[in-house]
Amino acid sequence: MGAKIPILFVFIIMLFALSSAHPSKRKQYSPCKNLVLYFDDIIYNGDNAVNATSSIVAAPQGANLTKLATQFHFGNIAVFDDPITLDNNLHSKTIGRAQGFYIYDTKNTYTSWLGFTFVLNSTYHQGTITFAGADPIMQKSRDISVTGGTGDFFMHRGIATIMTDAFEGEVYFRLRVDIKFFECW
Amino acid sequence: MGAKIPILFVFIIMLFALSSAHPSKRKQYSPCKNLVLYFDDIIYNGDNAVNATSSIVAAPQGANLTKLATQFHFGNIAVFDDPITLDNNLHSKTIGRAQGFYIYDTKNTYTSWLGFTFVLNSTYHQGTITFAGADPIMQKSRDISVTGGTGDFFMHRGIATIMTDAFEGEVYFRLRVDIKFFECW
Amino acid sequence: MGAKIPILFVFIIMLFALSSAHPSKRKQYSPCKNLVLYFDDIIYNGDNAVNATSSIVAAPQGANLTKLATQFHFGNIAVFDDPITLDNNLHSKTIGRAQGFYIYDTKNTYTSWLGFTFVLNSTYHQGTITFAGADPIMQKSRDISVTGGTGDFFMHRGIATIMTDAFEGEVYFRLRVDIKFFECW
């Protein structure tokens, strides 16, 4: 009789051990950390040197560096150092800088490829988050990869969902970046 | 006597718990997912605007943007939007686009550095796979890193083995990309 | 009476199972592998073709490709193939090449963004390590992400702490790279 209760426990533990064999990150698809941030990009067009936060630095044959190339900007590379804010207001307090580059890489629609890092330095967050991936700009919402982090985001990985929150012609855009970490350490 | 069977169970579970402490990804070096895909790159040379899928957008001092630079193309950056196919035929059905850039980065042999994403959009696969790494072109087979994924490839990581499947002078090449995911979620 | 010992065991195992639910990599923040390497970069300035290991290949409007741009080099992209050494001596035996690019991406201080790979090929190490991230150059020590590896560094991830070990004006620098892997496979 004395053995019956332990055997029951044993099965409960066995089930528990089974579930523990797969680390939580593989089963649990809700983020272990979540951040929504915005950044604003003003591209240099020859007249806005004071306000511009990005510059065209490469262009295809026949194009110049103060106007995005004609064929859906195909072949342009822009380097940027953009202010990051907690809300969708360019004039809000800056909590860090988005630094890196984007490439326009399609001839028949607007798509870009992004390689950049959020350098966060505020009372909220200290550390970096690095992103890479294709950005099919014309889609309302698109996912890129979060490939690494440092500081508060030590070894983190995840997905960032990007939305264009505002834009003005070819000179200005603001992106909303919903960062979902699924590997947090 | 009643306690003996539970103790036996307990040891079995202990062994089981020990093995579960190390997630399978660390022990199992066969891929959890495997894809072999091809992509074709036709670089713009001044005459092939209709067919070209990539453009030289940066070059070292003295070089131009319609011909790869003389010293093993050192210093060229090309931006591309290349069709992806399931077999080694440029005219097969396209299942997505390879988008990003490559750099030629050695002065005394052909090597490149790749940063790009497979944007897959077909009945087979929906999602993106992002790659980064050095590509020593003259080696028959070379490995780069798969640093992230979205959609069907949510949070995946792995290794891609690249082989040059075909090329024609400086204007065209086709790469075979054997993607081995070792972290699948 | 016979049930008492098993219940004690059961609790021990339960504690053990609980700890095993979180893979060791999440708890252990000391590196599973550590490498300190150096690489030297000599940028092409129009006169040093023989020794130069990197070239400016993109620049903002008004700048050229043999001199870094005036506004904290903002907008320059350099491509490099730099020798890697085990100590801080440019003339030590080379154990591999650091290949990729850096971008200067701020207008009011020196910062860069790095995308590159260590291609190691020696009796010590065989394989590649790929890095990405923001490099706030003026800080004594700064962290970037190790986003992937191949060969001896198969599927590795980690953090690299970079320090400027030496520099001469705008033409030369040596970086000390302390690579700490926290995911080793």
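First things first, this report covers the structure right here in the doc.

Rules of the game
Residues numbered from 1 in each chain as written. Chains lettered and ligands numbered in written order. Predicted model: local features only at pLDDT ≥ 70, side-chain atom pairs only at ≥ 80, totals over all residues. Heavy atoms only, no water. Helix = DSSP H or I, 4+ residues; strand = E, 2+ residues; numbered from the N terminus. Buried < 20%, exposed > 50% of the residue type's maximum accessible area, 1.4 Å probe, protein only. Contact = heavy atoms within 4.5 Å. Areas by Shrake-Rupley, 256 points an atom, 1.4 Å probe, with all protein chains shown as cover. Salt bridge = Lys/Arg side-chain N within 4 Å of Asp/Glu carboxyl O. Pairing = 2+ DSSP bridges. Phe/Tyr/Trp six-rings, centres within 6.5 Å; stacked < 30°, edge-to-face > 60°. Disulfide = S-S within 2.5 Å. Polar contact = N/O pair within 3.5 Å; in protein donor to acceptor, adjacent residues only side chain to side chain.

1. Structural notes on the overall build of chain A
Link 1 in the chain: Helix and strand content of chain A: 2 helices and 9 strands.
Link 2 in the chain: Going from N to C terminus, chain A has its helices and strands arranged as α-α-β-β-β-β-β-β-β-β-β.
Link 3 in the chain: The burial tally for chain A puts 59% of its 185 residues in the buried class.
Link 4 in the chain: Nonlocal contacts in chain A, meaning residues at least 24 apart in sequence, comprise 48% of its contacts between residues at least 6 apart.
Link 5 in the chain: Summed over its atoms, the accessible surface of chain A is roughly 7,700 Å², and 58% of this surface lies on carbon and sulfur atoms.

2. Re the pattern of salt bridges
Link 1 in the chain: Summed over the entire model, instances satisfying the criterion amount to 21 salt bridges over all chains.
Link 2 in the chain: Measuring nitrogen to oxygen at the nearest pair gives 3.3 Å for the salt bridge that ties Arg157(A) to Glu183(A). One end of the pair, Arg157(A), is in strand 8 (residues 157-168); the other, Glu183(A), is in strand 9 (residues 172-183), with 26 residues separating them in the sequence. Note on accessibility: Arg157(A) and Glu183(A) belong to one class, buried.
Link 3 in the chain: A salt bridge links Asp165(A) to Arg174(A); its shortest N-O distance comes to 2.9 Å.
Link 4 in the chain: Residue class for Asp165(A) comes out partly exposed when judged on its relative accessible area of 29%.
Link 5 in the chain: Note on Arg174(A): relative accessible area 10%, which makes it buried.
Link 6 in the chain: Where salt bridges share partners, they join Arg157(A), Glu183(A), Arg157(B), Glu183(B), Arg157(C) and Glu183(C) into one cluster.

3. A word on unusual backbone geometry
Link 1 in the chain: Residue Phe72(B) is not a glycine yet carries a positive backbone phi of 55°.
Link 2 in the chain: Structurally, Phe72(B) can be placed in the loop between strand 2 (54-58) and strand 3 (77-85).

4. Some details on the pairing of strand 7 (residues 142-151) of chain A
All names here are of chain A.
Link 1 in the chain: When you tally the buried positions in strand 7, you get 8 out of 10 residues, the bulk of the element.
Link 2 in the chain: As defined by bridge partners, strand 6 (residues 126-135) adjoins strand 7 across 6 bridges and the pair is classed as antiparallel. When the sheet's bridge partners are listed, Ala 132 is paired in strand 7 with Ser 145.
Link 3 in the chain: Here strand 6 folds back onto strand 7 in antiparallel fashion, the turn holding 6 residues.
Link 4 in the chain: Of the strand pairs in this sheet, strand 7 and strand 8 are connected by 5 bridges, and their pairing is antiparallel. The residue of strand 8 that forms the bridge with Ile 144 is Ala 160.
Link 5 in the chain: Counted along the chain from strand 7 to the antiparallel partner strand 8, the turn is 5 residues long, and its residue Met 155 has a positive phi close to 65°.

5. Thoughts on the packing of aromatic side chains
Link 1 in the chain: Scanning the entire structure with this criterion turns up 57 aromatic pairs over all chains.
Link 2 in the chain: Between Phe80(B) and Tyr102(B), the aromatic rings sit 5.6 Å apart at their centres with planes inclined by 35°, giving tilted as the arrangement. With Phe80(B) in strand 3 and Tyr102(B) in strand 4 (residues 96-104), the pair connects residues that are 22 residues apart, well separated along the chain.
Link 3 in the chain: Given a relative accessible area of 1%, Phe80(B) falls into the buried group.
Link 4 in the chain: Note on Tyr102(C) and Tyr104(C): the rings are 5.8 Å apart at their centroids and 90° apart in plane angle, and the pair reads as edge-to-face.

6. Quick notes on the environment of Gly149(B)
Link 1 in the chain: The residue Gly149(B) is located in strand 7 (residues 142-151) in this model.
Link 2 in the chain: Considered as a pair, Gly149(B) and Arg174(B) are 25 residues apart in the sequence and their alpha carbons are 23 Å apart.

7. Some details on the state of the cysteines
Note: disulfide means a covalent bond formed between the sulfur atoms of two cysteine side chains.
Residue and element names in this part refer to chain B.
Link 1 in the chain: As enumerated under the stated definition, the model contains 3 disulfides over all chains in all.
Link 2 in the chain: Across the disulfide from Cys 32 sits Cys 184; the S-S distance is 2.0 Å. Across the S-S bond linking Cys 32 and Cys 184, the dihedral sits near 90°, which makes this disulfide right-handed. Within this pair, whereas Cys 32 is found in the loop between helix 2 (24-27) and strand 1 (33-42), its partner Cys 184 is found in the segment after strand 9 (172-183), the two being separated by 152 residues in sequence.

8. Brief notes about the environment of Phe167(A)
All names here are of chain A.
Link 1 in the chain: Here Phe 167 lies in strand 8.
Link 2 in the chain: Expressed as a C-alpha distance, the spacing of Phe 167 and Ile 42, which sit 125 residues apart in the sequence, is 9.7 Å.
Link 3 in the chain: Ignoring sequence-local partners within four residues, the contact set of Phe 167 consists of Tyr 172 and Phe 173.

9. Re the environment of Glu183(B)
Link 1 in the chain: A relative accessible area of 0% places Glu183(B) in the buried class.
Link 2 in the chain: Linking Glu183(B) and Thr94(B), residues 89 residues apart in sequence, is a C-alpha distance of 26 Å.

10. So, the side chain of Arg142(A)
Residues and elements named next belong to chain A.
Link 1 in the chain: With respect to the secondary-structure elements, Arg 142 resides in strand 7.
Link 2 in the chain: Classification of Arg 142 by relative accessible area gives buried; the value is 3%.
Link 3 in the chain: For Arg 142, the side chain forms a polar contact with the main-chain oxygen of Ile 137, separated by 3.2 Å.
Link 4 in the chain: Excluding its chain neighbours within four sequence positions, the residues that come into contact with Arg 142 are Asp 135, Pro 136, Ile 137, Ala 160, Thr 161, Ile 162, Met 163, Thr 164 and Leu 175.

11. Points about the pairing of strand 8 of chain A
Strand residues, when the strand is regular, have side chains that alternate between the two faces of the sheet.
Residues and elements named next belong to chain A.
Link 1 in the chain: Pairing between strand 8 and strand 9: 11 bridges, direction antiparallel. Paired with Met 163 across the strands is Arg 176, a residue of strand 9.
Link 2 in the chain: Hairpin remark: strand 8 followed by strand 9, antiparallel, with 3 residues in the connecting loop; positive phi at Gly 169, about 50°.

12. A closer look at the side chain of Thr161(A)
Link 1 in the chain: One can find Thr161(A) in strand 8.
Link 2 in the chain: A polar contact of 2.5 Å, which involves the side chain of Thr161(A), links it to the side chain of Lys180(A).

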